[in-house]
Amino acid sequence: MGVEWYAGERAHRKQRWSARASLAAVTLAVLLPLLYGGLGGVLLLLTGAAGLAVTVAGLWWTLTRRGAPRAAAALLAVTAPLAVIAMFDAANLLWVVLLSLTLWVLAVWSGRYALRSTGLRPVRVKEHRTPPPLRPFLVMNPRSGGAKVERFGLREKAERLGARVVLLDADERRDVTQLAREAVADGADLLGVAGGDGTQALVAAVAAEHGLPFLVVSAGTRNHFAMDLGLDREDPAACLDALTDGVELHVDLGFAGGHPFVNNVSFGVYGTVVQDPAYRDDKVGTALGLLPELLTGQSGPRLTARAAGRTLTDPQAVLVSNNPYRRDDPAGLGRRERLDSGVLGVLGIRVDNAAEAAGLLLDPEASGLTVLTAHEVVVEADRPAIDVGIDGEAFVLPAPVHCRIAPRALRVRVPRLRPGVPQAQPPLDWRRLRKLAAAVGRTAVTGHAVGGSGRRGWTPHR
């Protein structure tokens, strides 16, 4: 009992001092420019903020102009931050700014450490123990992810573990949905894919339809679905361990106009850009060629999105995701906190000018950004069909497009030992940090500390 009390008191003391360090660091970060540079230091900081706004405006003009105006805007976006740095250096305040930024980083890190230790436990995803499959069937795309199937010997390992493998031929376009259905008719008791997220979604829908487990092998380029499942993206072969030593996670599956998606469906700018045949070979050049008209409304459909009682009118982009993406943690952008919440994430963007573009970056609550969650999303257009990007693949769907989510419809079989998903950082709450810093003894926390682990075999839950 004495040992436990000592360990608990030690953890609480760390928490208190982390909160105090965070408050001290943020105070110094704010006061340092004023104390050292006086009024001139404050004016330079305001100039720095203005320089950031000018940089964002320059980027907006770069995307929405052509020819000489685009070149001038790009030059402005590059020179504005350089000019601000030169001004700070000339006033001998550059080191003050760098030290102030460092203190801000320390304040954020210390504050989140203190808040992370207050008993706020991450959401746990239930693991289901099920027997290994007897007749697994896998589709593998040899071209996906820079030929990962061949480099990691995925076919050979899967076949050694008893799976039947079909390799997609680059010269022969095959219907992977039909392949999966034929495998089910032939007695397959697990369906899996080594390839991109678009292929994953098609086969996952067949697995969900027949109530079969689904295996994800991270052999794609980005592997967003595998990342949010906590799989090893650096070693796709490790995903095959689920065939012999695995557990099941029951996760949601999204549908857009009847088409399944495991990550997201994009309407508007990206949905139109991805339709261009040149996009696959020249993403940047194709996007720069199409964006001026798309962002200014001269081309592309006029969209209206309805979700959760809200209406988004004329957004340039709407992203509907299978569970919402994280927004409060820069390190976690592009990740989803969980895959079984039973709701779609909705992100709508409307920017009409450079000032609104700058505001979108500087203000997380900017009016041009709409963030919602909903069980269903309806996207309408001023034309009979809408260009859509579903898990990165180009589709043209009849309008309106109805997006929905099937809660926990997909049984995903994953290795029992896997890296897992990093725990989301708690949002900074300065009022709570002040209370923690002023607390005495064991009143500093409200529950047990939650630690992290990076070792393989520990599965952090979402």
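First, a word on scope: everything that follows refers to the structure included in this document.

1. A word on the side chain of Asp340
Part 1 of the argument: Tracing the backbone through its elements, the reader meets Asp340 in the loop between strand S10 (317-322) and strand S11 (344-349).
Part 2 of the argument: When sequence neighbours within four positions are dropped, the list of residues in contact with Asp340 reads Val125, His250, Val251, Asp252, Asn323 and Arg408.

2. Points about the side chain of Asn223
Part 1 of the argument: Here Asn223 shows up in the loop between strand S4 (213-217) and helix H8 (224-228).
Part 2 of the argument: Given a relative accessible area of 5%, Asn223 falls into the buried group.

3. What to know about a nonpolar patch on the surface
Part 1 of the argument: A grouping of Val30, Leu31, Leu34, Leu35 and Trp104 is seen on the molecular surface, where their side chains present a nonpolar patch of about 480 Å² in accessible area.
Part 2 of the argument: A per-element tally of the nonpolar patch places helix H1 (residues 2-64) first, with four residues.
Part 3 of the argument: For Val30, the position within the fold is in helix H1.

4. Focus: helix H7 (residues 197-210)
Part 1 of the argument: Over its 14 residues, H7 extends 20 Å from the first C-alpha to the last, a length consistent with the 20 Å expected when each residue adds 1.5 Å.
Part 2 of the argument: In terms of burial, H7 is a largely internal element, ten of the 14 residues being buried.
Part 3 of the argument: Taken residue by residue, H7 has Asp197, Gly198, Thr199, Gln200, Ala201, Val203, Ala204, Ala205, Val206 and Ala207 as its buried positions.

5. With respect to the packing of helix H3 (residues 94-116) against helix H12 (residues 430-438)
Part 1 of the argument: For the pair H3 and H12, the least separation of the axes is 11 Å and the interaxial angle reads 70 degrees. Comparing the axis directions of H3 and H12 gives the class roughly perpendicular. Residues Trp104, Ala107, Gly111, Ala114 and Leu115 of H3 form the contact with H12, whose own contacting residues are Trp430, Arg432, Leu433 and Leu436.
Part 2 of the argument: For the contact of H3 with H12, a count of residues per class yields seven nonpolar, one polar and one charged.

6. So, the packing of helix H6 (residues 176-185) against H7
Part 1 of the argument: Closest axis-to-axis distance for the H6/H7 pair is 9 Å, and the angle between their directions is 30 degrees. Handedness of the H6/H7 crossing: right-handed. Contacts between H6 and H7 involve Val176, Thr177, Ala180, Arg181 and Val184 on the former and, on the latter, Thr199, Leu202, Val203, Val206, Glu209 and His210.
Part 2 of the argument: Class assignment for the residues of the contact of H6 with H7 results in six nonpolar, three polar and two charged.

7. So, the pairing of strand S1 (residues 136-140)
Within a regular strand, the side chains alternate between the two sheet faces.
Part 1 of the argument: Buried residues dominate S1, accounting for five of its five residues.
Part 2 of the argument: A two-sided burial pattern is seen for S1, the buried positions comprising Pro136, Leu138 and Met140 on one face and Phe137 and Val139 on the other.
Part 3 of the argument: Two strands pair when backbone bridges link them, and S1 and strand S3 (residues 190-194) are joined in this way by five bridges, in the parallel orientation. Bridge pairing in S3 places Val139 opposite Val193.
Part 4 of the argument: Direction of pairing for S1 relative to strand S2 (residues 164-167): parallel, over a ladder of four bridges. Within S2, the residue paired with Leu138 across the bridge is Val165.

Calculation criteria
Residues numbered from 1 in each chain as written. Predicted model: local features only at pLDDT ≥ 70, side-chain atom pairs only at ≥ 80, totals over all residues. Heavy atoms only, no water. Helix = DSSP H or I, 4+ residues; strand = E, 2+ residues; numbered from the N terminus. Contact = heavy atoms within 4.5 Å. Buried < 20%, exposed > 50% of the residue type's maximum accessible area, 1.4 Å probe, protein only. Patch = residues over 30% accessible without salt bridge, like charges linked within 9 Å, V, L, I, M, F, W, Y side chains within 5 Å. Areas by Shrake-Rupley, 256 points an atom, 1.4 Å probe, with all protein chains shown as cover. Salt bridge = Lys/Arg side-chain N within 4 Å of Asp/Glu carboxyl O. Expected span 1.5 Å × (residues − 1). Axes fitted to C-alpha atoms, helices over the stretch in contact; angles between N-to-C directions. Parallel < 35°, antiparallel > 145°, perpendicular 65-115°, else oblique. Nonpolar A, V, L, I, M, F, W, Y, C, P; charged D, E, K, R; others polar. Left-handed = near helix turned anticlockwise from the far one by under 90°. Pairing = 2+ DSSP bridges.

Functional significance is not addressed by these values, which are geometric in nature.
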